[in-house]
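Below are the chains, spelled out letter by letter.
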Amino acid sequence: VDCHDKKYASLVKYAEGVCRAVGIKYGMAHCELKAKYDEKTEKWVDPVMIEIAGRLAGGRKAIMAEETVPGWHPFEAVIDAHCGFPVKMPPSFSPSKRAVQTYVPSD
């Protein structure tokens, strides 16, 4: 999801508000939420927070993001943010490639 895409603006605003409410002021935030898409208004409505944490997403998600979003270096960005340096943002978070994380059940 490109957080700069206007169709997600209400969800980004909601997530930012939750970050402020729990004291996440700088650095990365991993956010999981659910919402309904209203086809009539073409907007996301009724967001519900599932998880919020002051960290990168777990597993290989940060590595996959770095591979798919040109110019995005999440590990460098988190260090810069915690050191008080400006975070280098790519012009867009629109992926140029697709990554898939698969879970394989075992006995």
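All of the points below concern the structure found in this document.

1. A word on the overall build of the protein
A tally of regular secondary structure across the protein gives 3 helices and 2 strands. Going from the N terminus to the C terminus, the protein shows its helices and strands as α-β-β-α-α. On the principal axes, the C-alpha backbone points of the protein span a range of 40 × 40 × 30 Å. Considering only contacts within the protein whose residues lie at least 6 apart along the sequence, 47% involve residues at least 24 apart. Surface accessibility of the protein: about 8100 Å² in total, with carbon and sulfur atoms responsible for 57%. Of the charged side chains in the protein, 15 are positive and 14 negative, and the gap between their average positions amounts to 4 Å.

2. Examining the side chain of Thr68
Checked against the element boundaries, Thr68 lands in helix α2 (residues 61–68). For Thr68, the residues in contact, after removing those within four places along its chain, are Pro95, Ser96, Lys97, Arg98 and Ala99.

3. Examining the environment of Ala53
Summarising the element assignment, Ala53 is placed in strand β2 (residues 43–53). Classification of Ala53 by relative accessible area gives buried; the value is 17%. Once the C-alpha coordinates of Ala53 and His30 are considered, the two residues, 23 residues apart in sequence, prove to be 5.3 Å apart. In contact with Ala53, not counting residues within four places along its chain, are Ile24, Met28, Ala29 and His30.

4. A look at the nonpolar core
Grouped together as the largest cluster of nonpolar side chains are 6 residues: Met28, Val69, Trp72, Ala77, Val78 and Phe93. With residues up to four places along the chain from it excluded, the contact list for Ala77 reads Met28, Trp72 and Val87.

5. Focus: α2
Buried within α2 are the following residues: Ala62, Met64 and Thr68. Down the axis of α2, the buried side of the element spans an arc of 160°, and every buried residue falls inside it. Where the residues of α2 are buried, they touch α3 (74–83).

About the thresholds
Residues numbered from 1 in each chain as written. Predicted model: local features only at pLDDT ≥ 70, side-chain atom pairs only at ≥ 80, totals over all residues. Heavy atoms only, no water. Helix = DSSP H or I, 4+ residues; strand = E, 2+ residues; numbered from the N terminus. Contact = heavy atoms within 4.5 Å. Areas by Shrake-Rupley, 256 points an atom, 1.4 Å probe, with all protein chains shown as cover. Lys, Arg positive; Asp, Glu negative; His and termini not counted. Charge placed at Lys NZ, Arg CZ, Asp CG, Glu CD. Buried < 20%, exposed > 50% of the residue type's maximum accessible area, 1.4 Å probe, protein only. Core = buried A, V, L, I, M, F, W, Y, C linked by side-chain atoms within 4.5 Å. Arc of directions from axis to C-beta.

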